[in-house]
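Here is how the chains run, residue by residue.
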Amino acid sequence: MRSSKKKSEVRTNSSRRGFCKNTALVGAGMLLPGLEMSAMANILNDKKLKLAVVGCGGRGTGAANQALKADENIELVAMADAFEDQLENSLMNLQKEFEGTKKVNVKNAHKFVGLDAYKKAIDMADVVILATTPGFRPYHFEYAVNAGKHVFMEKPVAVDAPGIRKVLEMAKVAKEKKLNVVVGLQRHYQNNYLAIADKIKEGTVGKIVSGQVYWNSAGVWVRPRQEGQTELEYQMRNWYYFNWLCGDHILEQHIHNIDVANWFIGEYPISAQGMGGRLVRTGKDHGEIFDHHFVEFTYPSGAVIASQCRHQPGTWSKVGENFQGTKGNIEMNDAGAASITGLDGAKLFDYRNRNDPNPYQVEHDRLFAAIRNNEVINDAENGAKSTMTAIMGRMATYSGKVISWDDALASDKLLMPSEITWDSTPPSIPGPDGYYPIPTPGVTEVLM
């Protein structure tokens, strides 16, 4: 526990107060100070906080590591995952990292495996990490909030509009219960982004009228089918390539850059249109998702953002954001740099990485500081709406149509089943040739 706030923490607090028009957050993590002491569900002062992890893959393990380093008096007491080997590997790595401490105390009886294991782990904790594949997130979040738990949940927070509506509903319940919810859109906790957000508020760039956001890279892992696997297990192991689990890479990765556009503009888009497809990543193990997307998002203010993401080896790579304003232009760098250049080419602001803290760690530091200091961070609404923005982009590229925000959010098309067991048939199954159905612009229906 930190007894006093560092300068960077104070600035982080001041950067996250209030909503701007159309409910877009100026910065995520809105603080609601002055809450009654009884609101913190007995999580006060130096009480030992019990932590549970739901989803024990790489991100869940990393988030648990960061959570355990964020507070002096915290103990990991329960873990849950669909697969036993994944849970055991995660636990082994955490035990090694915190060897000699009492921070990892997961008894055999508190290692829960299966599709409903999350309930047992959440029940044991004060604070939960939700880091399963994204399709499960709305249901896990609903259970955690109804149980009165503080939450760190990874992005994206859903894969379809029904899931988004559930998260938005539970975000309100969390706010009423004065529960902390931090979403893993860590740029909101990264100093170069916060510095530019401050400059936007000061009017340095004027009104943002356009921008370009990128996640262009070579792609991610593939987990080939193993002998003896059921179709459901195969898809869950190779989850990145199935929309009911992942939502496509425009959602799973590119949400970070799309979220920055929403944040800096101060709005969520009213429509999207775009194109995409599969040109390079076309194998049977590549499921049903595209390997490239290009989307134009139009905002209520008239701003237009060009969004592109690509998983194609040997091509130009860029992860970052550029914006054009009426007074100046912004260039962001995920590595920690940021700059604003005037319309005449003069440098108006320049930020270079100043040995800044790791934003993945900062988001956990802020979460636990809020719990200890009787504050509330609520990232859930913005997390849901930025997730919805990326879903709307996917709808546009899959259909080839102009998709409005209202129609997208109202869609009843359910990608993630409300109930799933090991006997369930996955929503997408391969044809006789082993290939999965691929979305076809002009044919695929994305709203119904």
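Refer to the structure presented above.
Computed from a predicted model, the values in this text were never measured in an experiment.

Peer 1: In this structure, what is going on with the packing of helix H6 (residues 161-177) against helix H12 (residues 380-399)? I would like to understand it.
Peer 2: A pair of packed helices is characterised by two quantities: the angle between their axes and the separation of those axes. Put simply, H6 and H12 touch, their axes get as near as 9 Å, and they point 165° apart. One element, H6, and the other, H12, form an angle in the roughly antiparallel class. For the pair H6 and H12, the sense of crossing is left-handed. Contacts between H6 and H12 pair Ala161, Ile164, Val167, Leu168 and Ala171 from the former with Ala380, Glu381, Ala384, Lys385, Thr387, Met388 and Ile391 from the latter. Its residues placed into classes, the contact of H6 with H12 shows 9 nonpolar, 1 polar and 2 charged.

Peer 1: Please clarify how the packing of aromatic side chains should be interpreted in this entry.
Peer 2: One pair of aromatic rings is described through two measures. These are the centre distance and the angle between the planes. All told, the structure shown has 15 aromatic pairs when counted by the stated rule. Ring centres of Tyr193 and Phe264 lie 6.4 Å apart, and the angle between their planes is 40°; on these two criteria the pair is classed as tilted. Here Tyr193, found in helix H7 (residues 191-202), pairs with Phe264, found in helix H10 (residues 255-265); they are 71 residues apart in sequence, far enough to count as distant. There is no split in this pair, since Tyr193 and Phe264 are both buried. Plain terms: the ring middles of Tyr214 and Trp316 are 5.5 Å apart, the flat faces sit at 85° to each other, and that makes the pair edge-to-face.

Peer 1: I keep staring at the sheet that holds strand S11 (residues 304-311) and nothing clicks. Help me out?
Peer 2: Two strands in a sheet stick together by hydrogen bonds in their backbones, pointing the same way (parallel) or opposite ways (antiparallel). Sheet architecture is open: 9 strands sit in the order S15-S14-S13-S12-S8-S11-S10-S9-S17, paired in mixed fashion. Edge positions in the open sheet fall to strand S15 (347-351) and strand S17 (403-404), since each of these has one partner strand only. As defined by bridge partners, strand S12 (residues 318-325) adjoins strand S13 (residues 328-333) across 5 bridges and the pair is classed as antiparallel. Its bridge partner being in S13, Asn322 is matched across the sheet by Glu331. Packing of H7 onto the sheet brings it into contact with strand S8 (208-217), S12, S13, strand S14 (338-342) and S15, and relative to S13 it is tilted by some 165°.

Peer 1: Teacher, can you tell me more about the packing of H10 against H12 here?
Peer 2: In contact at an axis separation of 9 Å, H10 and H12 are set at 110° when each is read in the N-to-C sense. On the basis of their axis angle, the class for H10 and H12 is roughly perpendicular. Judged by the twist between their axes, the crossing of H10 over H12 is right-handed. Contact residues: H10 offers Ile255, Ile258, Asp259 and Asn262, while H12 offers Asn382, Lys385, Ser386, Thr387, Thr389 and Ala390. Broken down by class, the residue content of the contact of H10 with H12 amounts to 3 nonpolar, 5 polar and 2 charged.

Peer 1: Could you clarify how one ought to interpret the nonpolar core in this entry?
Peer 2: Counting 101 residues, the largest nonpolar core has Phe141, Met153 and Phe264 as the members making the most contacts within it. Of the residues forming this core, the biggest block, 9 residues, is contributed by H12. What Phe141 contacts, discounting residues up to four positions off in sequence, is Leu130, Val151, Met153, Val167, Met170, Ala171, Val181 and Ala380. Core analysis: the second largest hydrophobic core is formed by 30 residues, Leu49, Leu68, Ala70 and Leu367 among them.

Peer 1: How should I be thinking about H7 in this particular structure?
Peer 2: Given 3.6 residues per turn, any residue in an α-helix points the same way as the ones three and four places further on. For H7, built from 12 residues, the straight-helix expectation of 16 Å at 1.5 Å per residue is met to within 8% by its first-to-last C-alpha distance of 16 Å. Listed in full, the buried residues belonging to H7 are Asn191, Asn192, Tyr193, Leu194, Ala195, Ile196, Ala197 and Ile200. Following H7 by one or two positions, Gly203 adopts a phi angle in the positive range, close to 90°.

Peer 1: Would you explain the pairing of strand S9 (residues 271-277) in this entry?
Peer 2: Side-chain positions along a regular strand alternate between the two faces of the sheet. Counted residue by residue, S9 has 5 buried out of 7 residues, so it is predominantly covered. Of the strand pairs in this sheet, S9 and strand S10 (residues 292-298) are connected by 7 bridges, and their pairing is antiparallel. The partner of Gly274 across the bridge, within S10, is Val295. Pairing geometry for S9 and S17, over 2 bridges, is antiparallel. For Ala272, the partnering residue across the bridge sits in S17 and is Ile403.

Here is what the cut-offs are and how they apply
- Residues numbered from 1 in each chain as written.
- Predicted model: local features only at pLDDT ≥ 70, side-chain atom pairs only at ≥ 80, totals over all residues.
- Heavy atoms only, no water.
- Axes fitted to C-alpha atoms, helices over the stretch in contact; angles between N-to-C directions.
- Helix = DSSP H or I, 4+ residues; strand = E, 2+ residues; numbered from the N terminus.
- Parallel < 35°, antiparallel > 145°, perpendicular 65-115°, else oblique.
- Left-handed = near helix turned anticlockwise from the far one by under 90°.
- Contact = heavy atoms within 4.5 Å.
- Nonpolar A, V, L, I, M, F, W, Y, C, P; charged D, E, K, R; others polar.
- Phe/Tyr/Trp six-rings, centres within 6.5 Å; stacked < 30°, edge-to-face > 60°.
- Buried < 20%, exposed > 50% of the residue type's maximum accessible area, 1.4 Å probe, protein only.
- Pairing = 2+ DSSP bridges.
- Core = buried A, V, L, I, M, F, W, Y, C linked by side-chain atoms within 4.5 Å.
- Expected span 1.5 Å × (residues − 1).

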